[in-house]
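Tertiary structure, described
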Amino acid sequence: MGNVADRGSSDTGAIEADVAIIGAGLSGLVCVTYLAKQGRKVALIEKNVRVGGCAVNFQRKGFNFDFAVHFVNGGGEGGPIHDMLKEIGDPNDF
């Protein structure tokens, strides 16, 4: 996942949005996607330089560490993760 960039702020530093989502973990990213598909202007606020929350990894002294996501259930057809991703669709559509 890419780095978080400062987008949408005005000269005063204020962010113009209908909704603010605090935290760019998986839940925050899903919420932002659903709200954006509804035509809302959404501000996603994250304290870290990378989005993904516990679904990221990091490297120390040449070793890669996975924060937390080891198994995601419900990704098969008809499962909740599968259905959500199917409903969200192509990010280029909005």
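Structural notes, computed from the coordinates. (Residues numbered from 1 in each chain as written. Predicted model: local features only at pLDDT ≥ 70, side-chain atom pairs only at ≥ 80, totals over all residues. Heavy atoms only, no water.)

Things to note about the environment of N57
The condition is simple: Strands are runs of DSSP state E lasting at least two residues, helices are runs of H or I lasting at least four, and both sets are numbered from the N terminus onward. Contacts between residues were defined by any pair of non-hydrogen atoms, one from each residue, lying within 4.5 Å.
Here N57 is to be found in strand β3 (residues 57-60). Spatially, the C-alpha atoms of N57 and F67 are 5.5 Å apart, while their sequence positions differ by 10 residues. Discounting chain neighbours no more than four positions away, the residues touching N57 are R50, F65, D66 and F67.

Some points on a nonpolar patch on the surface
Filter applied, for reference: Without a salt bridge and with relative accessible area above 30%, a residue can belong to a patch; like charges are then joined within 9 Å and nonpolar side chains (Val, Leu, Ile, Met, Phe, Trp, Tyr) within 5 Å. Per-residue and other accessible areas were derived by the Shrake-Rupley procedure at a 1.4 Å probe size, with only the shown protein chains allowed to occlude residues. By definition here, a salt bridge exists when the distance from a side-chain nitrogen of Lys or Arg to a carboxyl oxygen of Asp or Glu is within 4 Å. The buried label applies to any residue whose accessible area, calculated with a 1.4 Å probe on protein chains only, is under 20% of its type's maximum; exposed applies above 50%, and partly exposed to all values in between.
Residues V72, I81 and L85 make up a contiguous nonpolar surface patch of about 250 Å² in total accessible area. Look at L85 and you get exposed, because its relative accessible area is 52%.

Observations regarding the environment of E87
If you trace the backbone, E87 turns up in helix α2 (residues 80-88). Apart from the residues lying within four places of it in its own chain, the contact partners of E87 are Y34 and K37.

A word on the pairing of strand β4 (residues 63-66)
As a general feature of sheets, a regular strand has side chains that alternate between the two faces. Condition: In this scheme, strands are said to pair when DSSP sees at least two bridges between them.
For β3 and β4, the ladder comprises four bridges, and the chain directions are antiparallel. Bridge pairing in β4 links R60 to F63. Where β3 hands over to β4, the hairpin turn is made up of two residues, of which K61 adopts a positive phi near 50 degrees.

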